[in-house]
Amino acid sequence: EAPPAPLRVFFIPFFATGHMIPLVDIARLFAARGVDSTVLVTPANAALIQATVDAAADSGLPIRTLIYPFPSSESGLPPGVENISALPPSESYKIDVATPFVRPAHDRLLRLHRPDAVVADVHFPWTTFVARDLGVPRFTFQALGLFPVCMMNSLFTNLPHLAVAGDDVPFLVPNLPHPIHMVRRELPDFLRGNTQIGAAMDDIGAAESGSLGVVVNSFVEMESAYAEYYYKTCNMRSWFVGPVALAAAGQGSSLATRGGDDPIAAANRARCLSWLDAKEPKSVVYVCFGSWSQFTGEQLREMALGLEVAGHPFLWVVRDGGDEWMPEGFEQRVEGRGLVVRGWAPQVAILAHAAVGGFVTHCGWNSVLEGVSAGLPMVTWPLSTEQFMNEKLVVGVLRVGVRAAEGPGSTLEEEKAVVDAAELARAVGRVMDSGEEAEGMKRRARESGKTARAAVKEGGSSHKGLSDLIEEIRAWHTFSHPSSKM
Ligand code: UDP
């Protein structure tokens, strides 16, 4: 008798690098288990992931991209609105304006190809309704762990930030497994009264209740209390399949192309790794703020002086163009000790390098998870969106990091205070130097890293999470196609 046809799953990543990288990794993991995987992507974004997908396909995995035109000629949208990383932060709102325009293409392609399941980013709520029409399950991908998702849920439901008298007055985020405090300044705009986004969130909420559950890039050991909270409070199931950067590393595609397919990224990879090879174990601080955050010249200057004063070797990824901000004589003074990298750096490979001992991070979810996976203590420097929530996990719950600067942060450009060189140097010292506090953080970070690596191995919790998810899809398929039952 012929074996059953493979399951076919469509993956639809949102147009932000930090959302695309992990969902493409998840598609590769599905393909490695024999699931026929298709990634729906727009032309400009395809350029970011095509090499990764091709490498996986060349190694024999059943995976491909399916490119849909966007912006369509009738949308009237300017080019460049389809990847948040290509927009200056002040224009990132354009993504929210552009997103609804992809709905017809999603609808059409899903109805045409009729996959057995859809794993779509939380920004595409309509995929729930198409999936329901087709009688197939839709799973949500948030590009976040459950910790920040539960925090947002509590904030939305309980509105504790509206009960305090000022932006710097701490309040408790109610009913969470840990007592977490925040100040209003740390909240994303949509929680601070941007009603347009608030309304979009309501739509998302309505669609999510029709989604079968969430696929989480995290491992349950790090967030088990939150998985339970999520199930009880939101009545939503979750499947933990991460850290996907670790899991996908073994799946036939080198990390070299992960998220950075251009020649500059390839050159940076060779340069960074050979530079690290010459450094002492655990001696280097790696400094990177994700795929799209930017700083003022004034802040970059303080950062340079801070890294210089801290005295440890550093590898610093600078996304901003120009170098007017560079302090006089900086490059000569730090020569050999500091490497400033422009453009895309091979972050996962850097974090895994034996010479790296600490990570200064903006606390994007992927970066947090990659830092945890590498077993590194962190200096946290959240800048916007849910990064302040992720920071609470690193500093308050896992206790593997310290803040770059004390005092309230802010998500609003005009409220952002400059972190001065001395503050940054002090924070770097607190994680890199020896002493009781640093040793404690390093020990806990190593333990978390070990647990993360075990989770993605055969028999580990996330390995099993993926098996369970695929079985769930197979069960739906068998139920709706009884003739294919063996
Ligand atoms: N990244 C990288 N090289 C860079 C900058 C970023 O490889 O120079 C990767 C990083 O490893 C992570 C992702 O890009 O997987 C950034 O996602 P994150 O959630 O940390 O931040 P975002 O870019 O969404 O703010």
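Basis of the calculations
Residues numbered from 1 in each chain as written. Predicted model: local features only at pLDDT ≥ 70, side-chain atom pairs only at ≥ 80, totals over all residues. Heavy atoms only, no water. Helix = DSSP H or I, 4+ residues; strand = E, 2+ residues; numbered from the N terminus. Buried < 20%, exposed > 50% of the residue type's maximum accessible area, 1.4 Å probe, protein only. Contact = heavy atoms within 4.5 Å. Expected span 1.5 Å × (residues − 1). Arc of directions from axis to C-beta. Salt bridge = Lys/Arg side-chain N within 4 Å of Asp/Glu carboxyl O. Pairing = 2+ DSSP bridges. Axes fitted to C-alpha atoms, helices over the stretch in contact; angles between N-to-C directions. Phe/Tyr/Trp six-rings, centres within 6.5 Å; stacked < 30°, edge-to-face > 60°. Patch = residues over 30% accessible without salt bridge, like charges linked within 9 Å, V, L, I, M, F, W, Y side chains within 5 Å. Areas by Shrake-Rupley, 256 points an atom, 1.4 Å probe, with all protein chains shown as cover. Lys, Arg positive; Asp, Glu negative; His and termini not counted. Charge placed at Lys NZ, Arg CZ, Asp CG, Glu CD. Near = heavy atom within 4 Å. Polar contact = N/O pair within 3.5 Å; in protein donor to acceptor, adjacent residues only side chain to side chain.

J.: How do you make sense of the side chain of serine 367 when you look at a structure like this?
T.: Relative to the assigned elements, serine 367 resides in helix H14 (residues 365–373). Look at serine 367 and you get buried, because its relative accessible area is 5%. Sequence-distant contacts of serine 367, defined by excluding residues within four places in its chain, comprise Gln347, Phe359, Thr361 and His362.

J.: Quick question: what am I supposed to make of helix H18 (residues 461–480) here?
T.: A turn of α-helix holds 3.6 residues, and therefore any two residues three or four places apart point the same way. With 20 residues, H18 ought to run about 28 Å at 1.5 Å a step, and its terminal C-alpha atoms sit 29 Å apart, in line with that. Within H18 the residues assigned to the buried category are Ser462, Gly465, Leu466, Leu469, Ile470, Glu472, Ile473 and His477. Projected onto a plane normal to the axis of H18, the buried residues spread over an arc of 145 degrees and lie on a single side.

J.: Any chance you could explain the pattern of salt bridges here in plain terms?
T.: Close approach of charged atoms allows side chains of opposite charge to pair. All told, the structure shown has 16 salt bridges when counted by the stated rule. Arginine 185 is the salt-bridge partner of aspartate 168, the closest N and O atoms lying 2.4 Å from each other. Pair noted here: aspartate 168 is in the loop between helix H6 (146–158) and strand S6 (171–173) and arginine 185 is in the loop between strand S7 (180–182) and helix H7 (195–208), with a separation of 17 residues, a long-range link. Glutamate 471 serves as the salt-bridge partner of arginine 474, at 3.7 Å between the closest nitrogen and oxygen. Highlighted residues: arginine 474 and glutamate 471, both in helix H18, separated by three residues, approximately one helical turn. Through salt bridges that share partners, Glu186, Glu391, Lys392 and Arg403 make up one connected network.

J.: What exactly am I supposed to notice about the sheet that holds strand S10 (residues 284–288) here?
T.: Two pairing modes exist for strands in a sheet, parallel and antiparallel, and in both the strands are linked by backbone hydrogen bonds. With respect to topology, six strands assemble into an open sheet ordered S12-S11-S10-S13-S14-S15, the strand pairing being parallel. Two strands close off the open sheet at either side, each with one partner strand: strand S12 (338–342) and strand S15 (401–403). On average, each strand axis in the sheet is tilted by 20 degrees relative to the strand beside it, whichever way the strands run. Relative to the sheet, helix H11 (residues 297–310) contacts S10 and strand S11 (314–318), its axis offset from that of S11 by approximately 170 degrees. Contacts from helix H15 (residues 387–397) reach strand S14 (378–380) and S15 within the one sheet, and its direction differs from that of S15 by about 130 degrees.

J.: What am I meant to see in the packing of aromatic side chains here?
T.: Each aromatic ring pair is specified by the distance between its two centres and by the angle formed by the two planes. Enumeration according to the criterion identifies 14 aromatic pairs in this entry. Relative to phenylalanine 70, the ring of phenylalanine 15 has its centre 5.7 Å away and its plane inclined at 15 degrees; by these criteria the two rings are stacked. Of this pair, phenylalanine 15 sits in the loop between strand S1 (8–12) and helix H1 (17–32) while phenylalanine 70 sits in the loop between strand S3 (63–67) and helix H3 (93–98), and the two are 55 residues apart along the sequence. Take phenylalanine 70: its relative accessible area is 5%, and that puts it in the buried class.

J.: How should I be thinking about unusual backbone geometry in this particular structure?
T.: Both trends apply: most residues other than glycine have a negative phi, and most peptide bonds are in trans. With omega at 0 degrees, the peptide bond leading from glycine 242 into proline 243 counts as cis. Inspection of the secondary structure assignment puts proline 243 in the loop between strand S9 (237–240) and helix H9 (244–249). Here the phi dihedral of lysine 282 falls at roughly 60 degrees; this positive angle occurs in a residue that is not glycine. Looking at the secondary structure, you find lysine 282 in the loop between helix H10 (263–277) and S10. What makes lysine 282 partly exposed here is its relative accessible area of 48%.

J.: How should I be thinking about a positive patch on the surface in this particular structure?
T.: A contiguous patch of positive charge on the surface is contributed by Lys282, Arg399, Arg443, Arg446, Arg453 and Lys457. Its place among the elements puts arginine 443 in helix H17 (residues 436–456).

J.: Please explain the site of the ligand as it appears in this structure.
T.: In the vicinity of the ligand lie 19 residues, with Ser291, Ala345, Asn366, Ser367 and Glu370 positioned nearest. Measuring from an oxygen atom of the ligand, one finds a side-chain N or O atom of serine 367 at 2.5 Å. Here the ligand loses 95% of its free accessible area of 530 Å² to cover by the protein chains. Those elements giving two or more residues to the shell around the ligand turn out to be H1 and H14. Looking at the shell around the ligand, the element that brings in the most residues is H14, giving four residues.

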